[in-house]
Amino acid sequence: MTAVPKIELKGVHKAFGPKVVLDGIDLSVARGESVVVIGGSGTGKSVMLKSILGLLRPESGSIRIDGEEVVGMGAKDRDRIMKKFGMLFQGGALFDSLKVWENVAFGLIQGQRMERAKARDIAIEKLAQVGLAASTGDLFPSELSGGMQKRVSLARAIATNPEIIFFDEPTTGLDPIMADVINDLIVKCCKEVGATALSITHDMASARKISDRIAMLYKGKLIWVGPAKDIDHSGNEYVDQFIHGRAVGPITMELRA
Ligand SMILES: Nc1ncnc2c1ncn2[C@@H]1O[C@H](COP(=O)(O)OP(=O)(O)OP(=O)(O)O)[C@@H](O)[C@H]1O
């Protein structure tokens, strides 16, 4: 018997009016695996992620989490599924008015109704996991550098020991060295909590580092899916153009939305 995938998309189709964004997406992510979806701006990476999170509803196709269909799921079941998820949002999305530890503990206090003292201990532990001192916990996000804010976002994403973590452009806005530090931490933290990871990015260095497999989205379809180590020999001219960032090639920039 083959194991049930942790995340499974089959024939997912999503359009906005006449504009088809996802045109039959099939993707399967195994338990403990890390898959990164790459693709140019506006190719539908966020729409795919939002469909999995239940923020957008595809017109057709199936999305299963642990074998359970989530398209069209009711609010109560959706809440149960959401408890399996951790998320690192593009730009960090920390609450400015909350201290760092309160940001990290947000899901524990609000979602799990954990008492504050216990949640604080866990938050401090998670901050240590991403290399931040306990004293950082009492600062406000505005007092931290961009790289430290990303670490805090990562600590928040892993705070509830989620089974699945979604990373939305995790290295955006960071210098290449700090981006590499964050990539290393993502790999380490996913391993430590035993999480399955699905990420979207256009940062190839990040994709190579944090993924087991890479999938490339182009014109509504996944045109290549394979092990990260094979991406330099994909034999696909679209993938080749994208990973080398060449202006000239089969991919032409749409200048109008
Ligand atoms: N709620 C919406 N209503 C209408 N069109 C939308 C909506 N959300 C996304 N789109 C369109 O879907 C397309 C894909 O957008 P999406 O944000 O998924 O791209 P992306 O690959 O994540 O891009 P980027 O890398 O720039 O973030 C875009 O053309 C966008 O305008």
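Naming follows an unreviewed UniProt entry, where the protein appears as ABC-type transport system protein of Paramagnetospirillum caucaseum.

Enquirer: Run through the packing of aromatic side chains, naming residues and quoting values.
Expert: Pairs of aromatic rings are described using the distance from one ring centre to the other and the angle between the two planes. All told, the structure shown has three aromatic pairs when counted by the stated rule. Summarising the aromatic geometry, the rings of F95 and F106 are spaced 4.8 Å apart at their centres and angled 45° between planes, so their arrangement reads as tilted. Remark: F106 occurs in helix 4 (residues 106-111) and F95 occurs in the loop between strand 6 (85-88) and helix 3 (100-104); sequence separation between them is 11 residues. Residue classification places F95 among the partly exposed residues on the basis of a relative accessible area of 35%. With 5.0 Å between their ring centres and 40° between their planes, Y218 and Y238 make a pair best called tilted. Residue Y218 is located in strand 9 (residues 213-218), and its partner Y238 is located in helix 9 (residues 237-244); the two are separated by 20 residues in the primary sequence. On the accessibility criterion, Y218 (12% relative accessible area) is buried.

Enquirer: Let's hear about the site of the ligand: which residues, and what values?
Expert: What surrounds the ligand is a group of 13 residues, the closest being K19, G42, K45, S46 and V47. Here T43 contributes a backbone N or O atom positioned 3.1 Å from an oxygen atom of the ligand. Between S46 and the ligand, the recorded distance is 2.6 Å, taken from a side-chain N or O atom to an oxygen atom. Protein contacts shield 64% of the accessible area of the ligand, which totals 640 Å² for the unbound molecule. Those elements that provide at least two residues to the shell around the ligand are strand 2 (19-29) and helix 1 (45-53). Looking at the shell around the ligand, its residues break down into three nonpolar, seven polar and three charged.

Enquirer: Describe the side chain of R151, and please don't skip the residues or the numbers.
Expert: Within the secondary structure, R151 sits in helix 6 (residues 146-158). Buried within the structure, R151 lacks any salt-bridge partner; D184 is the closest side chain of opposite charge, at an N-O distance of 9.3 Å. Among the polar contacts listed, one links the side chain of R151 to the backbone oxygen of V130, at a separation of 2.9 Å. In this view, R151 contacts V130, G131, L132, M178, V181, I182 and L185; residues no more than four positions away in its chain are not counted.

What counts and what doesn't
- Residues numbered from 1 in each chain as written.
- Predicted model: local features only at pLDDT ≥ 70, side-chain atom pairs only at ≥ 80, totals over all residues.
- Heavy atoms only, no water.
- Phe/Tyr/Trp six-rings, centres within 6.5 Å; stacked < 30°, edge-to-face > 60°.
- Helix = DSSP H or I, 4+ residues; strand = E, 2+ residues; numbered from the N terminus.
- Buried < 20%, exposed > 50% of the residue type's maximum accessible area, 1.4 Å probe, protein only.
- Near = heavy atom within 4 Å.
- Polar contact = N/O pair within 3.5 Å; in protein donor to acceptor, adjacent residues only side chain to side chain.
- Areas by Shrake-Rupley, 256 points an atom, 1.4 Å probe, with all protein chains shown as cover.
- Nonpolar A, V, L, I, M, F, W, Y, C, P; charged D, E, K, R; others polar.
- Lys, Arg positive; Asp, Glu negative; His and termini not counted.
- Salt bridge = Lys/Arg side-chain N within 4 Å of Asp/Glu carboxyl O.
- Contact = heavy atoms within 4.5 Å.

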